[in-house]
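Geometric and topological summary
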Amino acid sequence: MGVKNLWDILESCKKTLPLHRLQNKRLCIDLSCWMVQLQNVSKSHSCLHKKIYLQGLFHRLRALIALNCSIIFVTDGSIPGIKLSTYRRRLNNGSEVAQNDANSQQIPSLKRNKGSEFSLMIKEAKALGLALGIPCLDGIEEAEAQCALLNSESLCDGCFTSDSDVFLFGARTVYRDICLGDGGHVVCYEMADIERQLGFGRNSMVTLALLLGSDYSQGVYGLGRESACQIVKAVGDGAVLQKIASEGLSFTKKGKNSKKQGLSKSGDGQCLHKCDHFLKVIDAYLKPKCHSADSDAVTRVLVQHPFQRIKLQQICAELFTWPPEKTDEYILPKIAERDLRRFANLRSNTSALGFNIPLQEIPANCPVSGIVKHRKVQGSDCFEVSWKDLNGLDSSIVPADLLQSACPEMIVEFEEQKAQGMKQNRRKTKTKKSEAAVAEIDKRLQTLLLQIESESRAVHSLSLSHTPIVSESSTSATGVDEMNQEDFLDVEPTIIDRTRSTERIEVIDLLSPSPAIQTSKVSKFQQENSEKIDVIDLSDAESDRSPEHERKARELRAFLVSLRSK
């Protein structure tokens, strides 16, 4: 419980901080308080048989691990003798228990029942935390007192607890609640804010515990929180405890109309007016029984503990019936992010010392092997990265600012490769367009060639239908010099236009639309019959081509030139 109504008094000093503000901090956790919170949530959902409270603890821890938080569990030890009356009252659902108060003050402490259901829950939580690399410090008495000592000695940056008397034990930074939804946040109270805004120091809050009631005292009957605050402020933080030691609570009386002021809720006003009782309460808060900052127990929990993957898989299989793959899916990306934050801290610290060491020359290996792609997660810039030898984890998503602080060189290289890839894509697009243009040219060229070939075949077929068969004897009889059968084979099909009514026979070259005319020797028989035979040269007819042929040739050459240029 802590001090009655103290959280309400401190409401104006409450701050809600984003969860990432806890990154790289060492935190003490009052494990009993967390388990009570998680157990209440589980009861409201009737999920105790599934151990939902432990799953809730697991997810809280993995969120803090990803932020590179060094976590220490702190558990309750024995029950202080001054708290026994409150403890018995809680066991009896708030009913008073007959007891000898004088004897209760003599009992130093009472050991807790290690076999209770709640103690077994604590044991399971400790085993889960140890597999995650989280040590546990078993307190001598109150866990919040041990957390406060570690915080006041700067051995941790803050305490997680819902017991408000942690301020009375000397804590400076207290986190009351944690929420993982919508990016996560924590509810934080700073002692510096309380002192500045309310004027309450540690002594003032101890006095509020005596006036309002706490685990160690029942308070003053009929005194509300506003009146108690006014009394404490009127006296002042520096003098209020000395005033109580000398006068008891008599200074709380306001006059004849307030005769009941200064009486305890139990009706035993005389007991609370005794200075020895007040001094014991004050001493319990200012000098709690804890492990000292230089003790072996504290030293052991301050060292870094390893993550035990196989052990965690076994515990999750036993408690939650999870297969190893599911456990790895939950925890390995968080372990990877934690390692990256540690590497980022190393680079930040070396830069702060004036050493700007390149990524390849840093003695510690960067856990990231490369960047896969840019991502957006809940509107925040992130990167999907690949990891080096991290328990089989191939890739996961990390915040962009974290990667920027850890290895900015990789981001620069990734952006350059991305830009180069875009250029290559543009080149590929241009190449595809060029290929399409060439294909179009080839298509048109083939069409043109087919047209020319079809015209040539038509002429060839026409020549075959008009060409007479010339025998070897007739050839020799014609007396054609320097002309044999091979000469005819070298010549493309020709049309011999032999008209008996004319005096000459013309041989036309089909490859030349306007062939030159060449006269060859004819036989004596033909001379005698006064007939002339003109043979057209089949070789070079470039100079006398028809306009249609010239147009097609120019188009063909243009296609060939465009093809070569592409």
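Definitions and limits used
Residues numbered from 1 in each chain as written. Predicted model: local features only at pLDDT ≥ 70, side-chain atom pairs only at ≥ 80, totals over all residues. Heavy atoms only, no water. Helix = DSSP H or I, 4+ residues; strand = E, 2+ residues; numbered from the N terminus. Buried < 20%, exposed > 50% of the residue type's maximum accessible area, 1.4 Å probe, protein only. Areas by Shrake-Rupley, 256 points an atom, 1.4 Å probe, with all protein chains shown as cover. Contact = heavy atoms within 4.5 Å. Pairing = 2+ DSSP bridges. Axes fitted to C-alpha atoms, helices over the stretch in contact; angles between N-to-C directions. Core = buried A, V, L, I, M, F, W, Y, C linked by side-chain atoms within 4.5 Å. pLDDT = per-residue confidence, 0-100. Parallel < 35°, antiparallel > 145°, perpendicular 65-115°, else oblique. Left-handed = near helix turned anticlockwise from the far one by under 90°. Nonpolar A, V, L, I, M, F, W, Y, C, P; charged D, E, K, R; others polar. Polar contact = N/O pair within 3.5 Å; in protein donor to acceptor, adjacent residues only side chain to side chain. Salt bridge = Lys/Arg side-chain N within 4 Å of Asp/Glu carboxyl O. Expected span 1.5 Å × (residues − 1). Bend = angle between axes of the 7 residues up to and from the residue.

1. Regarding the overall build of the chain
Scanning the chain for helices and strands turns up 22 helices and 16 strands. Among the 566 residues that make up the chain, the fraction classed as buried is 40%. Summed over its atoms, the accessible surface of the chain is roughly 31500 Å², and 50% of this surface lies on carbon and sulfur atoms.

2. Focus on the environment of Met35
With respect to the secondary-structure elements, Met35 resides in helix α2 (residues 31-44). Classification of Met35 by relative accessible area gives buried; the value is 0%. For the pair Met35 and Phe118, spaced 83 residues apart in the sequence, the C-alpha separation amounts to 8.6 Å. In contact with Met35, not counting residues within four places along its chain, are Tyr53, Leu54, Leu57, Phe118, Met121, Ile122 and Ala125.

3. Quick look at the sheet that holds strand β6 (residues 136-138)
With mixed pairing, the seven strands of this open sheet are ordered in space as β1-β9-β8-β7-β2-β3-β6. This sheet does not close on itself; its edge strands, each paired only once, are β1 (15-18) and β6. The sheet shows a mean angle of 30 degrees between the axes of neighbouring strands, direction not considered. Across six bridges, strand β8 (residues 173-179) lies against strand β9 (residues 185-190) in antiparallel orientation. Counterpart to Cys179 in the pairing with β9 is His185. Of the strands in this sheet, β3 (70-75) and β6 touch helix α6 (residues 117-131), which is tilted by about 160 degrees from β3.

4. Let's talk about the nonpolar core
One finds Leu22, Leu57, Leu64 and Leu403 to be the most contacted residues of the largest nonpolar core, which totals 66 residues. Per element, the largest residue contribution to this core is eight residues, and it comes from helix α3 (residues 52-66). Sequence-distant contacts of Leu64, that is, excluding residues within four places in its chain, are made with Leu19, Leu22, Leu27, Ile29, Trp34, Cys69, Ile71 and Ile178. Membership of the second largest hydrophobic core comes to 58 residues, among which are Leu6, Cys156, Met205 and Val298.

5. Section: the pairing of β8
As defined by bridge partners, strand β7 (residues 158-160) adjoins β8 across two bridges and the pair is classed as parallel. Looking at β8, one finds that Cys159 is bridged to Val174. Between β8 and β9, which pair antiparallel and follow one another directly, the connecting turn spans five residues, one of which, Asp182, has a positive phi of 55 degrees.

6. Description of helix α7 (residues 143-152)
Among the ten residues in α7, eight count as buried, and that is most of the element. Along α7, the residues that are buried comprise Ala143, Glu144, Ala145, Gln146, Cys147, Ala148, Leu150 and Asn151. For α7, the elements touching its buried residues are β2 (26-30), β3, β6, β7, β8 and α14 (296-302). Two residues or fewer past α7, Ser154 is found with a positive phi of approximately 60 degrees.

7. Some points on the confidence of the model for the chain
Detailed reading of the predicted model is not advised wherever pLDDT is low. Summing up the model confidence of the chain, the mean pLDDT is 79 and the portion of residues at 70 or higher is 71%. For residues 97-104, every residue scores under 50 in pLDDT, and the model assigns this stretch five contacts once sequence neighbours within four places are set aside.

8. Here's the deal with the packing of helix α9 (residues 202-212) against helix α13 (residues 275-286)
At their nearest, the axes of α9 and α13 sit 10 Å apart, and the two run at 130 degrees to each other. Comparing their axes, α13 and α9 come out oblique. The element α9 and its partner α13 pack so that their crossing is right-handed. Contacts between α9 and α13 involve Arg202, Asn203, Val206, Ala209 and Leu210 on the former and, on the latter, Phe278, Val281, Ile282, Tyr285 and Leu286. Here the residues of the contact of α9 with α13 sort into eight nonpolar, one polar and one charged.

9. Looking at the side chain of His291
Here His291 shows up in the loop between α13 and α14. Within the structure, the side chain of His291 is placed 2.9 Å from the backbone oxygen of Asp138, a separation counted as a polar contact. Residues in contact with His291, not counting those within four places in the same chain, are Leu137, Asp138, Gly139, Ile140, Gln146, Leu149, Ala297 and Val298.

10. Observations regarding the pattern of salt bridges
Tallied over the full model, the rule gives 17 salt bridges. A salt bridge links Arg338 to Asp339; the shortest N-O distance between them is 3.4 Å. Here Glu409 makes a salt bridge to Arg347, at a shortest N to O gap of 2.9 Å. Taken together, the positions of Glu409 in helix α18 (residues 408-466) and Arg347 in helix α16 (residues 324-352) put the pair 62 residues apart, joining distant regions of the chain. Residue classification places Glu409 among the partly exposed residues on the basis of a relative accessible area of 30%. Overall, the relative accessible area of 12% leaves Arg347 in the buried class. Salt bridges linked by common partners bring Lys15, Asp193 and Arg196 together as one network.

11. With respect to α16
Because each turn of an α-helix spans 3.6 residues, side chains separated by three or four positions in sequence point in the same direction. The terminal C-alpha atoms of α16 lie 41 Å apart, and with 29 residues this matches the ideal 42 Å at 1.5 Å per residue to within 8%. A maximum bend of about 30 degrees is found in α16 at Ile331, where proline Pro333 lies one to four positions downstream.

12. Re the sheet that holds strand β10 (residues 368-377)
Spatial ordering of the open sheet is given by β10-β11-β12, a layout of three strands whose pairing is antiparallel. Among the strands making up the open sheet, the edge pair consists of β10 and β12 (393-399). Going from strand to strand, the sheet's axes swing by 30 degrees on average, the running direction of each strand aside. One ladder, built from six bridges, connects strand β11 (residues 380-390) with β12; its direction is antiparallel. By the bridge assignment, Val385 is partnered in β12 with Ser396. Together, β10, β11 and β12 form the strand contacts of α16, whose direction differs from that of β12 by roughly 60 degrees.

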